[in-house]
Amino acid sequence: HDRVRVLHLCGRPSWDQRFLRAMLRRDPNVDLVSFFILRTETDEQPWSRDELSLIPFPTYEIFEEQLRSFDLVIFQNFNFAPYGVEPFLPGVRDYVEGGGAIAMIGGDLSFASGGYGLTPLRDVLAVDLPPTPPAMTGAADPELTTDTFKPRLTDEGRSHPVTSLLLDPRENEARWAKLPPLEGINRVPRARPGAATLLTHPTLKSADGKPAPVLVASDVGKGRSLALLTDTAWHWGLPAAGEGDDGRAFQRFWENAIRWLVRDPALTLLRIELDRVEYRRNQPPIARVRAMHGDYSSAENV
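Residues numbered from 1 in each chain as written. Predicted model: local features only at pLDDT ≥ 70, side-chain atom pairs only at ≥ 80, totals over all residues. Heavy atoms only, no water.

S.K.: What's the story with the packing of helix α1 (residues 15-26) against helix α7 (residues 249-261) in this structure? I'm lost.
M.R.: In a packed pair of helices, the relevant descriptors are the angle between the two axes and the axis-to-axis distance. For the pair α1 and α7, the least separation of the axes is 11 Å and the interaxial angle reads 65°. Relative to α7, the element α1 lies roughly perpendicular. Of the two possible hands of crossing, α1 and α7 adopt the one that is right-handed. On α7, the residues that touch D16, F19, L20, M23, L24 and R26 of α1 are F250, Q251, W254, E255 and I258. When grouped by side-chain class, the residues that make up the contact of α1 with α7 number seven nonpolar, one polar and three charged. (Axes fitted to C-alpha atoms, helices over the stretch in contact; angles between N-to-C directions. Helix = DSSP H or I, 4+ residues; strand = E, 2+ residues; numbered from the N terminus. Parallel < 35°, antiparallel > 145°, perpendicular 65-115°, else oblique. Left-handed = near helix turned anticlockwise from the far one by under 90°. Contact = heavy atoms within 4.5 Å. Nonpolar A, V, L, I, M, F, W, Y, C, P; charged D, E, K, R; others polar.)

Now the structure itself:
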């Protein structure tokens, strides 16, 4: 079984970044290359370059030489502008359309707030972006909200593999309803045409009048794209565990998302779920089987 090679680009430390990076590092199926951006070429430097332990971001090596060796690229609140990444974004778009995978996670440096609506990357994101420049630092950004909310599972989200924390639809819905609330989303005009909106905001509307998307999955050319429009999904881990939950929803969600993004054969249209990991001798196993159509809706009587 080949390990999934993941490139994780992050603009600044956060709880969300910390949880995701820790989960990816623990996953034996993931080969992780993670970059934190902590300084730019223009930062004041009282030392000589030889004394710096923070290496300059290896833009060329990653985006020219190594990009196609990755199964998935994650942009997590990543600010492309100061790091000379912009000339390479057409290559990232081509990588996704040619069969690669991209996930973008919310935050003040993501989506329209990060100026991605002006880049070729907008062609492969799972949501439509307005062509607006990056938000000014410290200015109130209309693209960002900070309200507390519980996302709603959509009809598509009820059966989609990314949002299937449990195979039984009713149990899965109850599982999502029990999770702690999130804080804030990146506002976008709409989901990409043909994309599957899996989670929505309970009250906010998009420009098209539909509920504001929180999680969107989309096929793009031969590749796949995921947009998670919040930077507080880590609430499904630690705070959930503090409220008597097992805190595994965050890990299960990301495992599902990665499998779907890289077209893992384990995520076929026939799913089997056992009621426990180990059985004692003579202990009867309980198996749940679900068959699905190509759009992940339930296939009856197959």
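S.K.: What's the story with unusual backbone geometry in this structure? I'm lost.
M.R.: Glycine aside, negative phi is the norm for most residues, and most peptide bonds take the trans geometry. Even without a glycine there, the phi angle at N77 is positive, about 50°. A residue is classified by how much of its surface remains accessible, and N77, at 9% relative accessible area, is buried. (Buried < 20%, exposed > 50% of the residue type's maximum accessible area, 1.4 Å probe, protein only.)

S.K.: I'm lost on α7 in this one. Help?
M.R.: It helps to recall that an α-helix has 3.6 residues per turn; residues three or four apart then point in one direction. When the terminal C-alpha atoms of α7 are compared, their 18 Å separation across 13 residues agrees well with the 18 Å that a helix rising 1.5 Å per residue should span. Here α7 has its buried residues at A249, F250, F253, W254, N256, A257, I258, W260 and L261. Phi for R263, located one or two positions after α7, is positive at around 55°. (Expected span 1.5 Å × (residues − 1).)

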